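Chain residues, written in single-letter form:
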Amino acid sequence: MFEIRYITLDDAGYYNGGMTAEAAWSGGGVVLIVYNKPSKPKVTGDHNVEVNRYILLTCSSNSTSTPDYYSKLVTLSYTWFVNETKIDKETTESLKLYVAKDIRYNRYSCTSTDEDVESDRSDPVQINPLC
Ligand SMILES: *[C@@H]1O[C@H](CO)[C@@H](O)[C@H](O)[C@H]1NC(C)=O
Ligand SMILES: *[C@@H]1O[C@H](CO)[C@@H](O)[C@H](O)[C@H]1NC(C)=O
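Computed from a prediction, not measured in an experiment: that's the story for all the values here.

**Q** Even after reading the chapter, I still don't get the pattern of salt bridges, so can you show me in this structure?
**A** Where charged atoms from two side chains of opposite charge come close, those side chains can pair. Counted under the stated rule, the structure contains 4 salt bridges. Two residues, Asp123 and Lys40, come together in a salt bridge whose shortest N-O distance is 3.0 Å. Separated by 83 residues along the polypeptide, Asp123 in the loop between strand E10 (117-118) and strand E11 (128-130) and Lys40 in the loop between strand E2 (30-32) and strand E3 (42-44) bring together distant segments of the chain. Relative accessible area serves as the criterion here: at 45%, Lys40 is assigned to the partly exposed category.

**Q** Can you help me understand the nonpolar core in this one?
**A** Most often, soluble globular proteins keep nonpolar side chains buried together rather than apart. Ile55, Leu57, Trp80, Leu97, Tyr108 and Ile127 are the most contacted members of the largest nonpolar core, which has 17 residues in total. When contributions to this core are tallied by element, the ones reaching two or more residues are strand E5 (54-60), strand E6 (77-82), strand E8 (94-98) and strand E9 (108-114). Residue contributions to this core peak at 3 residues, all from E5. Ignoring sequence-local partners within four residues, the contact set of Leu57 consists of Val43, Thr44, Gly45, Asp46, Trp80, Glu93, Ser94, Leu95, Leu97, Tyr108, Val125 and Ile127.

**Q** Would you take a moment to explain the state of the cysteines for this structure?
**A** A covalent bond bridging the sulfur atoms of two cysteines is what the word disulfide describes. The tally for this structure, following the rule as stated, stands at 1 disulfide. For Cys59, the disulfide goes to Cys110, at an S-S distance of 2.0 Å. Since a negative S-S torsion denotes a left-handed disulfide, the Cys59-Cys110 link at about 90° is right-handed. Placement of the pair is Cys59 in strand E5 and Cys110 in strand E9, with a sequence separation of 51 residues.

**Q** Before we go on, may I ask you to explain the pairing of E9 in this structure?
**A** Within a regular strand, the side chains alternate between the two sheet faces. Among the 7 residues that make up E9, 7 are buried, leaving the element largely enclosed by the rest of the structure. Because side chains alternate across E9, one face comprises the buried residues Tyr108, Cys110, Ser112 and Asp114, and the other comprises Ser109, Thr111 and Thr113, equally buried. Looking at chain direction, E6 and E9 are connected through 6 bridges and run antiparallel. Bridging across to E9, Tyr78 finds its partner in Ser112. What sits between E9 and E10 in their antiparallel hairpin is a turn of 2 residues, with Glu115 showing a positive phi close to 55°.

**Q** For this particular structure, what's the right way to read the site of ligand 1?
**A** Surveying the vicinity of ligand 1 reveals the residues Ser39, Ser60 and Asn62. Between an oxygen atom of ligand 1 and a side-chain N or O atom of Asn62, the distance comes to 2.2 Å. Burial of ligand 1 by the protein chains amounts to 32% of its free accessible area of 360 Å².

Calculation criteria
- Residues numbered from 1 in each chain as written.
- Chains lettered and ligands numbered in written order.
- Predicted model: local features only at pLDDT ≥ 70, side-chain atom pairs only at ≥ 80, totals over all residues.
- Heavy atoms only, no water.
- Salt bridge = Lys/Arg side-chain N within 4 Å of Asp/Glu carboxyl O.
- Helix = DSSP H or I, 4+ residues; strand = E, 2+ residues; numbered from the N terminus.
- Buried < 20%, exposed > 50% of the residue type's maximum accessible area, 1.4 Å probe, protein only.
- Core = buried A, V, L, I, M, F, W, Y, C linked by side-chain atoms within 4.5 Å.
- Contact = heavy atoms within 4.5 Å.
- Disulfide = S-S within 2.5 Å.
- Pairing = 2+ DSSP bridges.
- Near = heavy atom within 4 Å.
- Polar contact = N/O pair within 3.5 Å; in protein donor to acceptor, adjacent residues only side chain to side chain.
- Areas by Shrake-Rupley, 256 points an atom, 1.4 Å probe, with all protein chains shown as cover.

Shown next as structure tokens:
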């Protein structure tokens, strides 16, 4: 059993122990993962689009949890918002939108989540339908 107080991102990594040096080096340790807020997402995608078409917005963000080899493998989940309202059932990186004329008033933004730790909200984007 071990205890770490006031944990920081640098504490993440492989821990092992034992009564003797040989025991400690013989494997069977644990990897300690320290979760951290993912980076603030950016919403990318075509902003100037013809009406009556579908477009794809992408929420890009990275895990900042440690160790690095964990954060490279992690799959973030995503939450999309139109104005201040969460869009139900949209939990992937991409949001497919049908472009109608009145879509120009909507502000789209997203957050990303690593385990239970949620990022800051992205800056909102607006779509400019070309009529
Ligand atoms: C995420 O990481 C990749 C590779 O390190 C980098 O190119 C990209 O800009 C990062 N994206 C964000 C939103 O921080
Ligand atoms: C978002 O806000 C704008 C401006 O207040 C409003 O015109 C638009 O209808 C809203 N969109 C939704 C989907 O609520």
